[in-house]
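Spelled out from the first residue to the last, the chains are:
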Amino acid sequence: MAVNIPGLVAVVVFYIVILVIGIWASRKSKKVENTCAGSKSEVTIVGGRNINVLVGVFTMTATWVGGGYIMGTAEAVYSPSQGLIWAMGPPAYVINFVLGGLFFAKPMRSKRYVTMLDPFQHRYGNMFTATLLLIALISDILWVACILAALGGTMSIILGLSSALSIIISAAVSIIYTFLGGLYSVAYTDIIQLSFIFISLFLCIPFLVLSPAVNDVSQAVHLNQSNANAWVGELELADAGKWTDEMLLLALGGLAYQALYQRILSASSSAQAQVTCFAAAVTVFIMGIPSVVIGAVAASADWNQTAYGLPPPFERGEAGKILPLALHYLTPTWLSVLGIGSVAAAVMSSVDSVLLSSASMFTQNIYKTTLRKQASERELQRVIRVSVLLVGLAGTGLAFGDDSVFALWMLSGDLLYCVILPQLVCVLHFSCANSYGAISGYVVGLLLRALSGEPVFGIPPVLLFPGWREEDGVIRQYFPYRTVAMLCSVISIVTVSKLVELGFCHQVVPQSWDLLGVFEEIKEAEGQEEIPVPREEKNSILNTKF
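Residues numbered from 1 in each chain as written. Predicted model: local features only at pLDDT ≥ 70, side-chain atom pairs only at ≥ 80, totals over all residues. Heavy atoms only, no water.

Q: Hey, could you run me through the overall build of the chain in this one?
A: Within the chain, the secondary structure is distributed over 19 helices and 4 strands. Out of the 546 residues belonging to the chain, those deemed buried represent 56%. Across the chain, every contact between residues at least 6 apart in sequence was considered, and the portion connecting residues at least 24 apart equals 81%. As displayed, the chain offers around 21,600 Å² of accessible surface, 66% of which is attributable to carbon and sulfur atoms. (Helix = DSSP H or I, 4+ residues; strand = E, 2+ residues; numbered from the N terminus. Buried < 20%, exposed > 50% of the residue type's maximum accessible area, 1.4 Å probe, protein only. Contact = heavy atoms within 4.5 Å. Areas by Shrake-Rupley, 256 points an atom, 1.4 Å probe, with all protein chains shown as cover.)

What follows is the structure, given as structure tokens:
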């Protein structure tokens, strides 16, 4: 396929504009560093807690509206085996932001944390926090791979560029401006990127619907495909467990992303953080509408009337690229170029956020508190930049290996949902939670998830839940096994924490058995009994006063 020169020029211009804005924002960040009362690293990580509501809503929405969101939603609607009812992204993300605003924004922002891992570090210490960071890093790298794979597939179809080259260039641009300016560069480029996504994708809708190759979408029948299911899809009782599991994964798993809390913690107050979450719930749903329409149009199109021909994309195994295919073959050339720009914008708006979130957690919760407690601000800035580069390279490398954007999108939140979400809920909302309970919950959640198998990585299940099926020689679970792992982790944390606390408080367990040093005896007054008091609680009080 020949390279689309006009399209390539347009995308290059777009990239240059984004890079210039990112560099300008990095200079603004340096000015804020000189006037902000906080440290320079805090300005890089949370913008000096000076991000206003409008910018906050833009950057929060843009982070979630990535390549996985717009392409994964279109893929789900188009696929005959799924349909609209399986396009869970828009409703799930609405639930995610509403719950975030109601139950997580205030406790996180009111205590002036810098990253999502701070409450764990204050209560459980450095070693356990490091194990949580490992899970968060894996998820962030998978997320980067997901959205870069989405862009590579789009550019290869519309511009005729190789997928690998497209991935490398886009990753490089995102890494450069995130490297330079931190949250300010990320937030201000997000405004331009989200605006471009909105205009270009909504502009495509009338051209797609009125295309000669597209039949009446309201008839909702897949043409030229292996079955005649409606694009609306259907949910059978046997599939209800899987549907519930994936919906909860997207809706609740997002509550365990550092990218969410980076925006919450950058707000000037708890109230502003909550407003930002509620407003983002509305905008993220609106941004999902074009992808739903594109998937429905593609499902109703007669591909034999286009240059693509037969067999249709689903039968060729290209359902994951349905959004760029629809833009390329069902809209005018100039509009398909705008479409590739929107995907590029979506990718960079998410990649930069993920890069910064991982770098922030490593610098704040590992390097600064464990490896180099006396590190200077200049040194911390360098560590953030090196971390951005390393995470970007890891995600870029993984992006070359998988064509299914939807699969990577789901996997990126899988471990966070099963392991970190239970820990976050307990550390914020259960005062009884202690290190013993946290460790047990971590092991239970991770073990149950691992034993359930993962077809994408070729890991066979050891635990077979009710309703499992063997499809093409691969065993797939249709029971909500991820949710079972998550709930078992929560129950384990609370139960073990409470039992351990009772054991020490009633001196059933000798004080010498407190291997983790969670409890320490203090005498409240002379002549009174020695009562074990959780060290975490005392630390929490001191931190609150400070």
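Alright, that's what it looks like, and here's the rest.
Q: Hey, could you run me through the confidence of the model for the chain in this one?
A: The predicted model of the chain has a mean per-residue pLDDT of 84, with 90% of residues at 70 or higher. Counting contacts from residues 536-546, a segment whose pLDDT is below 50, to residues more than four positions away or on other chains yields 8 contacts. (pLDDT = per-residue confidence, 0-100.)

Q: Looking at this structure, I do not really get the side chain of T276. What am I missing?
A: Note on placement: T276 falls in helix α11 (residues 270-286). In terms of polar contacts, T276 uses its side chain to reach the backbone carbonyl oxygen of Q272, at 2.8 Å. Once residues within four sequence positions are removed from consideration, T276 is found in contact with V53, G56, V57 and M60. (Polar contact = N/O pair within 3.5 Å; in protein donor to acceptor, adjacent residues only side chain to side chain.)

Q: Sorry, what's going on with the environment of E234 here?
A: Take E234: it is sitting in the loop between α8 (163-209) and α9 (240-253). For E234, a relative accessible area of 47% gives the class partly exposed. It is 9.8 Å that separates the C-alpha atoms of E234 and P80, two residues lying 154 residues apart in sequence.

Q: So what exactly am I meant to see when it comes to helix α3 (residues 53-64) here?
A: In an α-helix, one turn spans 3.6 residues, which is why side chains three or four residues apart end up on the same side. Across its 12 residues, α3 extends 17 Å between first and last C-alpha, which sits within 8% of the 16 Å expected from 1.5 Å per residue. Where burial is concerned, most of α3 is hidden: 9 out of the 12 residues are buried. The N-terminus of α3 is capped by N52, whose side-chain oxygen sits 3.2 Å from the backbone nitrogen of L54. (Expected span 1.5 Å × (residues − 1).)

Q: Explain a nonpolar patch on the surface here, please?
A: A cluster of nonpolar side chains, contributed by I23, I176, F179, L180, V386, L389, L390 and L393, occupies part of the molecular surface with about 640 Å² of accessible area. Elements supplying a minimum of two residues to the nonpolar patch: α8 and α15 (377-398). Take the nonpolar patch: its biggest share by element is 4 residues, from α15. Residue position: L393 is located in helix α15. Given the relative accessible area of 52%, L393 is considered exposed. (Patch = residues over 30% accessible without salt bridge, like charges linked within 9 Å, V, L, I, M, F, W, Y side chains within 5 Å. Salt bridge = Lys/Arg side-chain N within 4 Å of Asp/Glu carboxyl O.)

Q: Any chance you could explain unusual backbone geometry here in plain terms?
A: Glycine aside, the phi torsion of most residues is negative, and most peptide linkages are trans. Residue P311 is reached from L310 by a cis peptide bond, and omega for that bond is -5 degrees. If you trace the backbone, P311 turns up in the loop between α12 (289-300) and α13 (322-330). The backbone phi angle of R112 is positive, close to 55 degrees, even though this residue is not glycine. On the secondary structure map, R112 appears in the loop between α5 (89-110) and α6 (118-124). Of note, D472 is a non-glycine position whose phi angle comes to about 55 degrees, a positive value.

Q: Whenever I open this one, the environment of L325 confuses me. Can you help?
A: With respect to the helices, strands and loops of the structure, L325 is situated in helix α13. With relative accessibility at 2%, the residue L325 sits in the buried group. Here the alpha-carbon distance between L325 and P313, two residues 12 residues apart in the chain, equals 8.3 Å. Those residues in contact with L325 that lie beyond four places of it in its chain are I157, W303, Y308, P313, E318 and L330.

Q: Looking at this structure, I do not really get the packing of helix α17 (residues 435-451) against helix α18 (residues 481-505). What am I missing?
A: Between two packed helices, the angle of one axis relative to the other and the distance separating the axes together describe the packing. Where α17 meets α18, the closest approach of the two axes is 7 Å, and the angle between their N-to-C directions is 160 degrees. Our classification of the angle between α17 and α18 gives roughly antiparallel. Pair α17 / α18 crosses with right-handed handedness. Facing α17, whose interface residues are Y436, G437, A438, S440, G441, Y442, V444, G445, L448 and R449, α18 presents Y481, R482, V484, A485, C488, S489, S492, I493, V496, S497 and V500. (Axes fitted to C-alpha atoms, helices over the stretch in contact; angles between N-to-C directions. Parallel < 35°, antiparallel > 145°, perpendicular 65-115°, else oblique. Left-handed = near helix turned anticlockwise from the far one by under 90°.)

Q: Help me understand the pattern of salt bridges in this model?
A: It is possible for side chains of opposite charge to pair when their charged atoms get near one another. Evaluated as defined, the whole model comprises 7 salt bridges. Between D239 and R469 there is a salt bridge, with the nearest N and O atoms lying 2.6 Å from each other. Of this pair, D239 sits in the loop between α8 and α9 while R469 sits in strand β1 (residues 469-471), placing them 230 residues apart in sequence. R482 is the partner of D414 in a salt bridge, and the nearest nitrogen-oxygen pair spans 2.9 Å.

Q: Can you walk me through the side chain of S200 in this structure?
A: Tracing the backbone shows S200 in helix α8. Of the polar contacts made by the side chain of S200, one reaches the backbone oxygen of I197; its length is 3.4 Å.

Q: Can you walk me through the nonpolar core in this structure?
A: Note that soluble globular proteins tend to have their nonpolar side chains buried in a common cluster. Judged by nonpolar contacts, the single largest core of 147 residues is most densely connected at Y15, Y261, W303 and L330. When residues no more than four places from it in sequence are discounted, the contact partners of Y261 are F104, M108, M116, L255 and L424. (Core = buried A, V, L, I, M, F, W, Y, C linked by side-chain atoms within 4.5 Å.)

Q: Sorry if this is basic, but what is going on with the packing of aromatic side chains here?
A: We describe a pair of aromatic rings using the distance from one ring centre to the other and the angle between the two ring planes. Tallied over the full model, the rule gives 20 aromatic pairs. Taken together through their ring pairs, the aromatic side chains of W64, Y69, Y93, F97, W143 and Y257 make up a single cluster. Above the plane of the ring of Y478 lies R469, whose end atom (NZ or CZ) is 3.8 Å from the centre. (Phe/Tyr/Trp six-rings, centres within 6.5 Å; stacked < 30°, edge-to-face > 60°. Lys NZ or Arg CZ within 6 Å of the ring centre and 35° of its normal.)

Q: I tried to follow the environment of Y113 on my own but got confused; where do I start?
A: Along the polypeptide, Y113 turns up in the loop between α5 and α6. Using a relative accessible area of 8% as the deciding quantity, one classes Y113 as buried. For the pair formed by Y113 and S266, sequence separation is 153 residues and the distance between their alpha carbons is 9.8 Å. Apart from residues lying up to four places away in sequence, Y113 is in contact with R49, P107, M108, D118, P119, H122 and L265.

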